[in-house]
Amino acid sequence: MSIQINKLHFSLLRIFLIIAIQVLVIKNIRLPWDKEGYGLFLFYPVAIMFLPSQLSKPITLIIAFCAGITVDVFYDTPGVGAGALVAMAYARPLAFEVFEVRLGIKLGQESHNLNPGFFTLLMYAAVLLLIFCFCYFSFEYFTIYYIEDIIIKTIYSFLLSLTIVALYIVIFRPKI
Amino acid sequence: MLNVIQFIIRFGTFFLFLGLEIVCIYLIVNYNKAQQDIFLNSANLLSGSVNEKFTKVRSFMNQYSVVDSISQENAALYQERFNYPFLFDTLDNFKDTSLVYSVIPARVINNSVSTQHNYFTINKGTSDGVQKGLGVITKNGVAGIVKSTSKHFALVISILNDDLKTSASLTRNGYFGSLVWDGKDPKYFDLQDLPRHAETKVGDTIQTSGYSLIFPKGILLGTVKEIKQKEGTNFYSLTCRIWEDMSKLDIVYVLKNNAKPELEQLEKDVYTDK
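As a starting point, this report considers the structure included with it. (Residues numbered from 1 in each chain as written. Chains lettered and ligands numbered in written order. Predicted model: local features only at pLDDT ≥ 70, side-chain atom pairs only at ≥ 80, totals over all residues. Heavy atoms only, no water.)

### Remarks on the overall build of chain B
Selection rule: The numbering of helices and of strands both runs from the N terminus, where a helix is a DSSP run of H or I of at least 4 residues and a strand a run of E of at least 2. Burial classification: accessible surface area is computed with a 1.4 Å probe over protein chains only, and a residue below 20% of its type maximum counts as buried, one above 50% as exposed, and the rest as partly exposed. Only heavy atoms matter for contacts: two residues are in contact if any of them lie within 4.5 Å across the pair.
Within chain B, the secondary structure is distributed over five helices and twelve strands. Along the three orthogonal principal directions, the C-alpha set of chain B runs to about 100 × 40 × 40 Å. Buried positions account for 37% of the 274 residues belonging to chain B. Considering only residue pairs separated by 6 or more positions, chain B has 58% of its internal contacts joining residues 24 or more positions apart.

### Remarks on the state of the cysteines
Just so we agree on the cut-off: Any cysteine sulfur atom paired with another within 2.5 Å is treated as part of a disulfide.
Applying the stated criterion across every chain yields a total of zero disulfides over all chains. No disulfide involves C133(A); its sulfur sits 9.4 Å from the nearest other cysteine sulfur, which is in C135(A).

### Quick word on the interface of chain B and chain A
Applied cut-off: Buried area: the sum, over both parts, of the accessible surface (1.4 Å probe) that disappears when the two are put together. Polar contacts here mean pairs of N or O atoms no more than 3.5 Å apart (in protein, one a potential hydrogen donor and the other a potential acceptor; neighbouring residues in sequence count only if both atoms are side-chain atoms). Amino acids are sorted into nonpolar (Ala, Val, Leu, Ile, Met, Phe, Trp, Tyr, Cys and Pro), charged (Asp, Glu, Lys and Arg) and polar (every other residue, Gly among them).
Residue-level contacts link 17 residues of chain B with 21 residues of chain A. Carbon and sulfur atoms supply 80% of the area buried between chain B and chain A, which totals about 1600 Å² over both sides. For the pair chain B and chain A, the number of links is four residue pairs in polar contact (both at pLDDT 80 or more). Of all the secondary structure elements, the ones that give two or more residues to the side of chain B that touches chain A are α2 (12-31) and α3 (33-61) of chain B. Tallying contributions element by element places α2(B) first for the side of chain B that touches chain A, with 13 residues. Here the residues of the side of chain B that touches chain A sort into 13 nonpolar, three polar and one charged.

### Notes on the side chain of S161(A)
Residues and elements named next belong to chain A. For S161, the position within the fold is in helix α7 (residues 147-172). Residue S161 is classed as buried on the basis of its relative accessible area of 0%. If we ignore the near neighbours within four places in the chain, the residues touching S161 are L40, F41, L42 and L129.

### Some points on the packing of helix α6 (residues 118-141) of chain A against α7(A)
What counts, and what does not: Angles shown run from 0 to 180 degrees and are taken between the N-to-C directions of axes, each axis being a line fitted to C-alpha atoms and, for helices, limited to the stretch in contact. The crossing is said to be left-handed when, going from far helix to near helix, the turn is anticlockwise and less than a right angle, and right-handed when the turn is clockwise.
Viewed as axis vectors pointing N to C, α6(A) and α7(A) meet at an angle of 145 degrees, and their least axial separation amounts to 8 Å. Crossing of α6(A) over α7(A) shows right-handed handedness.

### Notes on the nonpolar core
Stated precisely, the cut-off is as follows: Only buried residues count toward a nonpolar core, which is a set of Ala, Val, Leu, Ile, Met, Phe, Trp, Tyr and Cys residues joined through side-chain atoms within 4.5 Å.
Counting 66 residues, the largest nonpolar core has I48(A), M49(A), F50(A), Y124(A), F132(A) and Y136(A) as its most contacted members. With 15 residues, α6(A) is the single largest residue contributor to this core. A75(B), V142(B), A154(B) and V254(B) belong to the second-largest nonpolar core, a separate cluster that totals 51 residues.

### Notes on the sheet that holds strand β5 (residues 154-161) of chain B
Residues and elements named next belong to chain B. Inclusion rule: Strands pair, by our definition, only if DSSP identifies at least two bridges between them.
Read once around its circumference, the closed barrel built from six strands follows the order β1-β2-β5-β4-β3-β12, with strand pairing classed as antiparallel. Taking each pair of neighbouring strands and ignoring which way they run, the sheet shows an average axis angle of 45 degrees. Bridge count between strand β4 (residues 141-149) and β5: five bridges; the pairing is antiparallel. In the strand pairing of β5, S148 is matched with L155.

In structure tokens, the structure reads:
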């Protein structure tokens, strides 16, 4: 129990730091060729992706909502990031199921494969990041009329964000 | 109750997800100008479309009440029109009778046109003031005369009945005769017994003569199609095409002549004296 609480404390601290990096550092990154602002570096979904697997689904959803709202306050997009992050958190168990064997993790249980490998983690993160980006821009445009723009922005931002997520995985080797 | 609790526990995560997404959408719509505009526009389109369909359904459901309402208005207008000449009656015959004609709207609920003696049934009876012998008209002319009544219904002799004769006149000069159906084509009638000196030509209109206690003068009926001379007589007859299509009767108006009992009594006295 105390281990779980410690893990939760650590996860919350990690979320706080990731959000701080997102809103203080990454937010200010501007690509010189992207004057229209098509691509966004969306790094903070990793905070939810790599939450402990033992954490219950409702708590994961609530944490995702709070984290999303916090980022939205700094981005001045109330509800957009939170909605996308909650959707991604809801899809997380599905990603777990898909990568269950490779990750060596079963949702709600203690992980027994301590080193799933960079590419496995990246694949797992990529699936969730793609869901997040699509939801994020769907909420931002808020209409199916601009579906082409939504898809272009989703792909562009997904690729940009994935590079930072990959760096994060390489540097920190997160455990789920 | 237990089932409800079990259901909530089972799908609790889904409901929480749904609730959080609703909160997010609420925030998006209320605190983001662009999304708010899109939402309002989409909501207007959706509500407009739904309202349009709902209105169509509602108007379909209300069509009978609308038709009834219109027929009431028409009846009031007919009543005004038929009573109009009496306003200028210099003999003061109808001084005490403000309404000589009352008009009662009704719907045809049964109709026959295929025999020599046709009848139709209307949805108004004695409880609505309909009595035996009253005239029935439509917007295109005369339809028949009430033969018998029950409390809520009345049986009407159709003009497509060779027993029925209606007094009709030429609009251009007022010469009158009897309009009868020959039992063949429901569109064509004969205007019989017109005096030879009555000038007429094809295309003239015919109307009710007003020489009966049933129909007031001036209800247009149709046009002259053919002039037939009767050999050896001082009369001729006209073949007339009537405007009313008796095979699709719907709304009709029953004419009640409030002066009829008095006039009938008078005529009865005259014939009794003879």
